[in-house]
Each structure stands twice: as C-alpha cells, then as structure tokens.
Amino acid sequence: MPRFQDLLQNSFARGSSHSCWDKMPNKKKNNQARNPFYFFMVSLRPQLERQGVVLENGMQSLAEIAGPRWKDLPEHEKEVYQEMARQDKANKRYRPARNDRMDCTGEYISKRVDTVSLNEKRRKEEREEVKRGWLPGRAVCDERFYMVGFMSCYDLPDDGFLPCEVGAVEYSLNGGILRKMHYFIKPGEIKVGLRYTAMSTSERTHQIPVEGLAKKDDTYRKIWLDLLHFVNPEQTVIFPPVYCRISETKQN
C-alpha cells in the first residue's frame, strides 16, 4: 500500500487541479461581513431565475442587473437589507479560536468581562460628573448633599431584600445636617420559611421588629413620593445627586 507522503508527492507532481488543497475555503473571505447590497442580490436571484434570466458570469452578472434596481429601491425597503448586514456583522464579530474554552456558565473565557473594573470606571466617571457641578473654591462648603440609607429584614441572593426602615438627610459642610426624613416601612408578608431569618437579622443588627412600628398610612408609594420631594423640594427637572452606602446600591 503506498504511503500517504507518496500519494501527496504524486499529486503535486501531476499538477492535479482537483486536489484537496484547491477546495480549502478562504477563511479570511468567509469572515468578512457582507453589505446590504449582497443580501439584496441574494433575494433577487430566485426571482430572476423564475423569469428565465441566465446569469452567465454568476455573481458578476447578478450585480450588473441588481445595481440599477438597488439604486432605485426606496430607503424604507433598503432598511430590511441593512438590518441583515448588521446582524451578519454582529455574528462574525467574534469567532472562537480552537483552544478557546468555556467556563461553567457556557461563556468563552476570552470574552469574560471584568465587572469590578467596569464598575470602578463607572463610579469614577460619576464622581467626576458630580464634581463638575460643584460651586468653585470654598463655595462648595455651602453645597447641599443628600444621603439616604435603608435597613432590611433580610437581604438574600435568591429572595431579594425586605426593607423595614429608610432615612435621608440634607447636609452641607458649613451647616451640617439641615433637614432629615425618616420612616419605618411596613415590610409586608414575609415569605414562608424566612420569618426566623428576618427576626435573627433584626436582633443581630438594627433591632427593628418585623411588625408593629410602621404606620398604617405609610405605604410604599407615599414614602417614595416624600423621598422624591425631600431630595428635590423645588421639583426641578434635574434631580441632585443622592448618596448611599455602596452596599446599598443594588437595593436602591
């Protein structure tokens, strides 16, 4: 039986035009995103074939016929093919390498996003944006800051959090605490099996009982509207920044 190397050499020696190498796909070409006109030609081709049009030079002949029609096509009809091109570009934006592995969630390791760095960058941009709105020099000492804080009966990954108290203050460096707002929040019905968790959290932290302190009329809506009015008493279109502990950002 001839060896594979011998067959390969004989193939090159004969200059065969049907070797496997001629059929290798052009990876670079296949990875290129296609434009809207391409998708228009693809949709036009079956129609031309039904009409008996012969495309002697393949795509070149098709392009010559489709060109004038594409030029006269209304913009709202072109949008269909433009959306196809956008989807094609998005699908080809990332092609995993052979050695690219997935993590336990099914995501490619090379596509992991550093959420810690992204959040830190976002917070830095927010801080810079707030600072740009401050009064210049020592006048910032008269700037009014609003701070809000919540207490919860529990805060669990799968069951969420159950607020039981909210407090807010208006503060300036010169005047200290200028105004304050406080409510006990009726937590509502505690989920089955979590009452002990709520009671133990209360005893271990804020010592607010799970029921009995909130007033009957202090509904979620009333507290929310009062909080909005507290931090924006002039009811301007743009609200001032409201600060809270970083551990409460997910809750708020």
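Predicted, not measured: the structure shown is a model, and the values here were computed from it.

Looking now at the confidence of the model for the protein. In this model, the protein carries an average pLDDT of 77, and 75% of its residues clear a pLDDT of 70 or more. Ranking the helices and strands of the protein by mean pLDDT puts strand S3 (residues 176-184) first, with 93, and helix H1 (residues 4-14) last, with 43. In the predicted structure, residues 1-25 sits below a pLDDT of 50 and forms nine contacts with residues beyond four places in sequence or in another chain.

With 13 residues, the main nonpolar core has Phe 37, Phe 40, Ala 66, Trp 70 and Tyr 81 as its most contacted residues. Among the secondary structure elements, those contributing two or more residues to this core are helix H3 (36-50), helix H4 (59-72) and helix H5 (75-92). Top contributing element to this core by residue count: H3, with six residues. In terms of nonpolar packing, the next biggest core, distinct from the first, is built from twelve residues, Val 148, Tyr 183, Ile 223 and Phe 230 among them.

This paragraph deals with the state of the cysteines. Here the structure, examined in full by the defined rule, presents zero disulfides. We note that Cys 164 lacks a disulfide partner, and the nearest cysteine sulfur, in Cys 153, lies 4.2 Å from it.

Summarising the element assignment, Phe 184 is placed in strand S3. According to the relative accessible area criterion, Phe 184 is partly exposed, its value standing at 25%. When sequence neighbours within four positions are dropped, the list of residues in contact with Phe 184 reads Cys 164, Glu 165, Ile 208, Leu 213, Ala 214 and Ile 223.

With that settled, the discussion passes to H3. For H3, spanning 15 residues, the distance from its first C-alpha to its last is 23 Å, which sits close to the expected 21 Å at 1.5 Å a residue. Of all the bends in H3, the greatest, near 30°, is centred on Leu 44, and the proline Pro 46 appears no more than four residues after it. Of the residues making up H3, those classed as buried are Phe 37, Phe 39, Phe 40, Met 41, Leu 44 and Leu 48. Count one or two residues on from H3 and you reach Gly 52, which has phi positive near 85°.

Criteria and thresholds
- Residues numbered from 1 in each chain as written.
- Predicted model: local features only at pLDDT ≥ 70, side-chain atom pairs only at ≥ 80, totals over all residues.
- Heavy atoms only, no water.
- pLDDT = per-residue confidence, 0-100.
- Helix = DSSP H or I, 4+ residues; strand = E, 2+ residues; numbered from the N terminus.
- Contact = heavy atoms within 4.5 Å.
- Core = buried A, V, L, I, M, F, W, Y, C linked by side-chain atoms within 4.5 Å.
- Buried < 20%, exposed > 50% of the residue type's maximum accessible area, 1.4 Å probe, protein only.
- Disulfide = S-S within 2.5 Å.
- Expected span 1.5 Å × (residues − 1).
- Bend = angle between axes of the 7 residues up to and from the residue.

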